[in-house]
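Single-letter residue listing:
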Amino acid sequence: MFELTKQFRFEAAHTLARRIEAEPSRRIHGHSYRAEVTIRGHADPESGMVVDLGLFRRAMEEVRDGLDHRFLDEVPDLGPATLENLSVWIWRRLADRCPGLSKVTVHRDSEGEACSYAGAGGDAR
Ligand SMILES: Nc1nc2c(c(=O)[nH]1)N=C([C@H](O)[C@H](O)COP(=O)(O)OP(=O)(O)OP(=O)(O)O)CN2
Ligand SMILES: [Zn+2]
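From a predicted model like this one, the values you see are computed outputs, not experimental measurements.

1. With respect to the site of ligand 1
Residues in close proximity to ligand 1 include His14, Leu16, Arg18, Ser25, His29, His31, Thr82, Leu83, Glu84, Arg108, Glu111 and Glu113, which together make up its full environment. Within the side chain of His14, an N or O atom sits 3.1 Å from an oxygen atom of ligand 1. Here Arg18 contributes a side-chain N or O atom positioned 2.9 Å from an oxygen atom of ligand 1. When the free accessible area of ligand 1 is taken as 600 Å², the share hidden by the protein chains comes to 60%.

Structural data, given as C-alpha cells:
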C-alpha cells in the first residue's frame, strides 16, 4: 500500500466571527495556505503508479482556482473559512476525481497551524 502526496499553495482573504475577543479576525485579512492531499492505493503493475501525478495535479489545479486570490467568505458551500472547513471543502471537490483519497491537510505555515481531514469516517493520523 502506497501513500502518494501532492501539495498546492493558495493565498486568500476572509473574515471570521469568533466567540473569543479577536477584533482583527473580524476584519478582512489574508493568509497564505498550503494544502496537502494524500491518496492511498496499490501501484498498477504495468504503469508502476497509484495514480498518474499529472491527473492528480489537474484535479488539484481546479480546486486551487476556486480558492486562490479569492475572498473566502464568498466561496459557495464553504461556510466560515476555518482550516477545518477548508480541508472538508477541498476533500469534497477531489473525492470523485481521486480514488483512494485518504487525507487533506490545510496548513497556515506562518502561524504553525494545520488541520487534517480524513473523510466522514476517517482517522486523520
Ligand atoms: N479552530 C480554528 N480556529 C481559528 C481559525 C481556524 O481556521 N480554525 N482561524 C482563525 C483566524 O483565521 C485567525 O485569523 C487566525 O490568525 P491568528 O493570527 O492565528 O489568530 P489568533 O487569534 O491566533 O492570533 P491573533 O494575532 O491574536 O489574532 C482563528 N481561529
Ligand atoms: Zn484568519
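2. Considering the confidence of the model for the protein chain
Residue-level pLDDT values for the protein chain average 95, and 99% of them are 70 or greater. Reported confidences for the modelled complex are a pTM of 0.94 and an ipTM of 0.89.

3. Let's talk about the state of the cysteines
A full pass over the atoms with the stated rule returns zero disulfides. Summary of cysteine pairing: Cys98 is not part of a disulfide, and the nearest cysteine sulfur, belonging to Cys115, is at 19 Å. Residue Cys98 is classed as buried on the basis of its relative accessible area, which comes to 3%.

4. Quick word on the sheet that holds strand β3 (residues 70-71)
Spatial strand order, β3-β1-β2-β4-β5: five strands in an open sheet with mixed pairing. The open sheet is flanked by β3 and β5 (113-117), the only strands paired with a single partner. Strand direction decides the pairing type here: strand β4 (residues 101-108) and β5, joined by five bridges, are antiparallel. Of the residues in β5, the one forming a bridge with Val106 is Cys115. Against the sheet, helix α2 (residues 53-65) touches β1 (2-14), β2 (29-41) and β3, its axis set at about 20° to β1. The strands that helix α3 (residues 83-94) touches are β1, β2, β4 and β5; relative to β4, the one it contacts most, it runs at about 145°.

5. Quick word on the coordination of the zinc ion (ligand 2)
In this structure, His14 (NE2), His29 (NE2) and His31 (NE2) serve as the protein donors to the zinc ion (ligand 2), at separations of 2.0 to 2.1 Å. Between the donor residues of the zinc ion (ligand 2), the gaps in sequence give the motif H-x14-H-x1-H. Using a relative accessible area of 15% as the deciding quantity, one classes His31 as buried.

Analysis parameters
- Residues numbered from 1 in each chain as written.
- Chains lettered and ligands numbered in written order.
- Predicted model: local features only at pLDDT ≥ 70, side-chain atom pairs only at ≥ 80, totals over all residues.
- Heavy atoms only, no water.
- Near = heavy atom within 4 Å.
- Polar contact = N/O pair within 3.5 Å; in protein donor to acceptor, adjacent residues only side chain to side chain.
- Areas by Shrake-Rupley, 256 points an atom, 1.4 Å probe, with all protein chains shown as cover.
- pLDDT = per-residue confidence, 0-100.
- Disulfide = S-S within 2.5 Å.
- Buried < 20%, exposed > 50% of the residue type's maximum accessible area, 1.4 Å probe, protein only.
- Pairing = 2+ DSSP bridges.
- Helix = DSSP H or I, 4+ residues; strand = E, 2+ residues; numbered from the N terminus.
- Contact = heavy atoms within 4.5 Å.
- Axes fitted to C-alpha atoms, helices over the stretch in contact; angles between N-to-C directions.
- Donors = N, O, S within 2.8 Å, 3.2 Å for Na, K, Ca; no water.

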